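# Examination of the molecular architecture
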Amino acid sequence: MRYTTDGGLSIDNGAAERALRGLTIGRKNWLFCGSERGAQAAAIHFSMIASCHRHGLDAFAYLRDILKRLALLRPDPSHDDLLPLLPDRWVKQ
């Protein structure tokens, strides 16, 4: 009933439920990452994709572009080389 007295509150919690939906659906799939290293890689990918969504980016276009750019970097890239590849700073080439 609180939403009836505060116009800033949503009438339902659909946004929160939609945000958790991906976690609950994927939970069973994540059991089969193959190894601890595979689970870490999957967690990194999921985190990057979530960051893309948060910044309004097309995750597929972002990942395709940065993987091409990463292949062109030297074997030990510096912090400054990697900074422009973060989702919040990325500009598609």
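Residues numbered from 1 in each chain as written. Predicted model: local features only at pLDDT ≥ 70, side-chain atom pairs only at ≥ 80, totals over all residues. Heavy atoms only, no water.

## Some words on the overall build of the protein
Applied cut-off: Working definition: helices are DSSP H or I runs of at least four residues, strands are E runs of at least two. Numbering for both runs from the N terminus. Note that the radius of gyration is over C-alpha atoms, with the globule rule given as 2.2 Å times the number of residues to the power 0.38. Accessibility throughout is a Shrake-Rupley quantity obtained with a 1.4 Å probe, and a residue counts as covered only by protein chains that appear here. Under the convention used here, Asp and Glu are negative, Lys and Arg are positive, and both His and the chain ends fall outside the count. By convention, the charge on Lys lies at NZ, on Arg at CZ, on Asp at CG and on Glu at CD.
Scanning the protein from terminus to terminus reveals 4 helices and 0 strands. Ordered by position in the sequence, the α and β elements of the protein form the string α-α-α-α. A compact globule built from 93 residues would reach a C-alpha radius of gyration of about 12 Å, whereas the protein, at 18 Å, exceeds it by more than 25%. Each principal axis of the C-alpha atoms in the protein carries an extent, and together these give about 60 × 35 × 20 Å. Accessible surface, the protein as shown: approximately 7800 Å² in total, 59% of it carbon and sulfur. Across the protein, the 13 positively charged side chains and the 10 negatively charged ones have centroids separated by 5 Å.

## A short note on the packing of helix α2 (residues 36–54) against helix α3 (residues 59–72)
Our working rule: For helices, the fitted axis covers only the stretch in contact; all axes are lines through C-alpha atoms, and the angles between them, taken along N-to-C directions, range from 0 to 180 degrees. For classification purposes, angles smaller than 35 degrees are called roughly parallel, those larger than 145 roughly antiparallel, those between 65 and 115 roughly perpendicular, and all remaining angles oblique. In this scheme, a crossing is called left-handed if the near helix is turned counterclockwise away from the far one by less than a right angle; it is called right-handed if the turn is clockwise. Residue contacts are counted whenever heavy atoms from the two residues lie within 4.5 Å of one another. Nonpolar residues are Ala, Val, Leu, Ile, Met, Phe, Trp, Tyr, Cys and Pro. Charged residues are Asp, Glu, Lys and Arg, and all others, Gly as well, are polar.
Where α2 contacts α3, the two axes come as close as 9 Å, and the packing angle between them is 120 degrees. Considering the angle they form, α2 stands oblique to α3. Seen along the crossing, α2 lies across α3 with a hand that is right-handed. Across from Met48, Ile49, Cys52 and His53 in α2, the residues of α3 making contact are Ala59, Tyr62, Leu63 and Ile66. A class-by-class count of the residues in the contact of α2 with α3 yields 7 nonpolar, 1 polar and no charged.

## What to know about helix α1 (residues 14–29)
An α-helical segment advances 3.6 residues per turn. Residues three or four places apart therefore align on the same side. Short version of the rule: To estimate how far a helix should reach, multiply one less than its number of residues by 1.5 Å. Two axes enter the bend calculation: one fitted to the seven residues ending at the residue in question, the other to the seven starting there, and the bend is the angle between them.
Its 16 residues give α1 an end-to-end C-alpha distance of 24 Å, which sits within 8% of 22 Å, the value for a rise of 1.5 Å per residue. At Leu20, α1 shows its largest bend, some 30 degrees.

## Description of the pattern of salt bridges
Opposite charge on two side chains allows them to pair when their charged atoms are near. Threshold: The salt bridge criterion pairs a side-chain nitrogen of Lys or Arg with a carboxyl oxygen of Asp or Glu, the two atoms within 4 Å. Exposure is judged per residue with a 1.4 Å probe applied to protein chains only, and the accessible area is read against the type maximum: over 50% gives exposed, under 20% gives buried, and values in between give partly exposed.
Scanning the model with the defined rule gives 3 salt bridges in all. Residue Asp65 pairs with Arg69 through a salt bridge whose shortest N-O separation is 2.9 Å. Highlighted residues: Asp65 and Arg69, both in helix α3, separated by 4 residues, approximately one helical turn. Each member of the pair, Asp65 as well as Arg69, carries the same accessibility label: buried. Here Asp81 and Arg74 are joined by a salt bridge, their closest N and O atoms 3.4 Å apart. The exposure class of Arg74 is partly exposed, given its relative accessible area of 45%. Three or more residues joined by partner-sharing salt bridges are found here, namely Arg74, Asp76 and Asp81.

What is shown is where atoms sit, not what they do.
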